[in-house]
Amino acid sequence: MYRRKNQRIIISTYNHNDLHFAVGFSENEKIVRISLPKKNLEEAVSEISNYHPKFSISDKYKDTVIEIATMYTGKPVNFNMDLLDMEISAEYEHETSTINTSFERQVILKVAKIQYGNIKTYKDIAKSINTHAYRAVGTAIGKNPFPIVVPCHRVVRSDGAVGGFRGGTEMKIKMLINEGLKLESGRIDIE
DNA sequence: GATTGACGCCGAG
DNA sequence: CTCGGCGTCAATC
């Protein structure tokens, strides 16, 4: 197992309506991490560089970042999931916010399958991998290195409340509404 | 072990 | 309806 911690990555960024997006790419041109939009460029970049301290900024992958920004605004995009580096297990001493265990990988893979405009509950995800560890599912989703592309915003609580989100509940609600989902007094209709 | 969760369920007000 | 409390279990301390 090689040490990804020493791998040099390229970070491409894009500014859309005063929101800064940043995405990190490995040497084999795969996405290692995506930052949710931030008000400051530095903030967005450090979301990535915190995990990959050796990096350089480049426009090389700007088109991909634009695609991700487009998805964020709620437009359907046929994104190539093969671009994601699903093997990432950063061997950092303190960083825990990566998919390191098989449990976390299973969760992320299930979430990745949720289609545009659809939602699933944390319970649904738990059932699909045969566990009752609902809370652990939430924790694993909270570590999602590929927000927006792996649509963790489409996972809500089974009582219809939207649930937590790393970028804040407000952002999660916005993203769901932008995809055409309807909320009634802060809750989503679970069929 | 003990504690901590982006949760779920039920029962009491 | 809200809320507290307990169930459950993976990860972390």
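This one's a predicted model, so the numbers in the text were calculated from it and none came from an experiment.

**Q** Even after reading the chapter, I still don't get the layout of surface pockets, so can you show me in this structure?
**A** A volume near 350 Å³ is recorded for the largest pocket. Taken together, 20 residues form the lining of the largest pocket, with Leu36, Gly142, Asn144, Pro147 and Arg166 sitting closest to its centre. Elements with a minimum of two residues in the lining of the largest pocket: strand 3 (31-38), helix 1 (41-49) and helix 5 (134-142). For the lining of the largest pocket, the leading source of residues is strand 3, giving five residues. For the lining of the largest pocket, the per-class residue count stands at nine nonpolar, six polar and five charged. Counting contributing residues, the lining of the largest pocket receives three or more from each of domain 1 (9-83) and domain 2 (90-188). A volume near 300 Å³ is recorded for the second largest pocket. What lines the second largest pocket is a set of 21 residues, and nearest its centre among them are Met71, Val77, Ile114, Tyr116 and Arg154. Across the lining of the second largest pocket, the residue classes break down as 13 nonpolar, four polar and four charged.

**Q** Would you mind going over the sheet that holds strand 4 (residues 55-57) with me for this structure?
**A** In any sheet, the strands associate via hydrogen bonds between backbone groups, in a parallel or an antiparallel arrangement. In spatial order, the strands read 3-2-1-4; together these four strands make up an open sheet with mixed pairing. Across the chains shown, the open sheet's two edge strands, defined by having one partner strand only, are strand 3 and strand 4. Averaged over all pairs of adjacent strands, the angle between strand axes in this sheet comes to 20°, irrespective of strand direction. Across seven bridges, the pairing between strand 1 (residues 9-16) and strand 2 (residues 19-25) is antiparallel. Residue pairing in the sheet places His16 in a bridge with Leu19 of strand 2. Relative to strand 1, helix 2 (residues 62-72) is tilted by about 45°, and along the sheet it contacts strand 1, strand 2 and strand 3.

**Q** Just to check I follow, could you spell out the protein's contact with DNA strand B for this structure?
**A** Surrounding DNA strand B, one finds 14 residues, the nearest of these being Tyr122, Lys123, Arg135, Ser158 and Gly164. When atoms of DNA strand B within 4 Å of the protein are sorted by moiety, sugar and phosphate together comprise 47%. Contact between DNA strand B and Tyr122: a base nitrogen at 2.9 Å from a side-chain N or O atom of the residue. Of all the secondary-structure elements, those providing two or more residues to the surface near DNA strand B are helix 4 (122-128) and helix 5. Counting residues per element, the surface near DNA strand B draws most heavily on helix 5, which supplies six residues. A breakdown of the residues in the surface near DNA strand B according to their chemical character gives six nonpolar, four polar and four charged.

**Q** Looking at this structure, how should I read the nonpolar core?
**A** Inside soluble globular proteins, nonpolar side chains tend to come together where they are buried. Of all hydrophobic cores here, the largest spans 45 residues; its most connected members are Ile31, Val111 and Phe146. At five residues, the largest contribution of residues to this core is made by helix 2. The residue makeup of this core includes at least three contributed by each of domain 1 (9-83) and domain 2 (90-188). Dropping the residues within four chain positions of it, Val111 is found in contact with Ile125, Ile141, Val150, Pro151, Cys152 and Val155. Listed in part, the seven residues of the second largest apolar core include Ile119, Val156, Ile173 and Leu176.

Thresholds applied
Residues numbered from 1 in each chain as written. Chains lettered and ligands numbered in written order. Predicted model: local features only at pLDDT ≥ 70, side-chain atom pairs only at ≥ 80, totals over all residues. Heavy atoms only, no water. 1 Å grid on protein atoms, 1.4 Å probe; cavity = no way out; pocket = protein on both sides within 12 Å on 5 of 7 lines; lining within 4 Å. Points joined across faces, edges and corners; volume = space filled by probe spheres on them. Helix = DSSP H or I, 4+ residues; strand = E, 2+ residues; numbered from the N terminus. Nonpolar A, V, L, I, M, F, W, Y, C, P; charged D, E, K, R; others polar. Domains from an automatic or database assignment. Pairing = 2+ DSSP bridges. Axes fitted to C-alpha atoms, helices over the stretch in contact; angles between N-to-C directions. Contact = heavy atoms within 4.5 Å. Near = heavy atom within 4 Å. Polar contact = N/O pair within 3.5 Å; in protein donor to acceptor, adjacent residues only side chain to side chain. Core = buried A, V, L, I, M, F, W, Y, C linked by side-chain atoms within 4.5 Å. Buried < 20%, exposed > 50% of the residue type's maximum accessible area, 1.4 Å probe, protein only.

Spatial relationships are all this shows, so hold off on functional conclusions.
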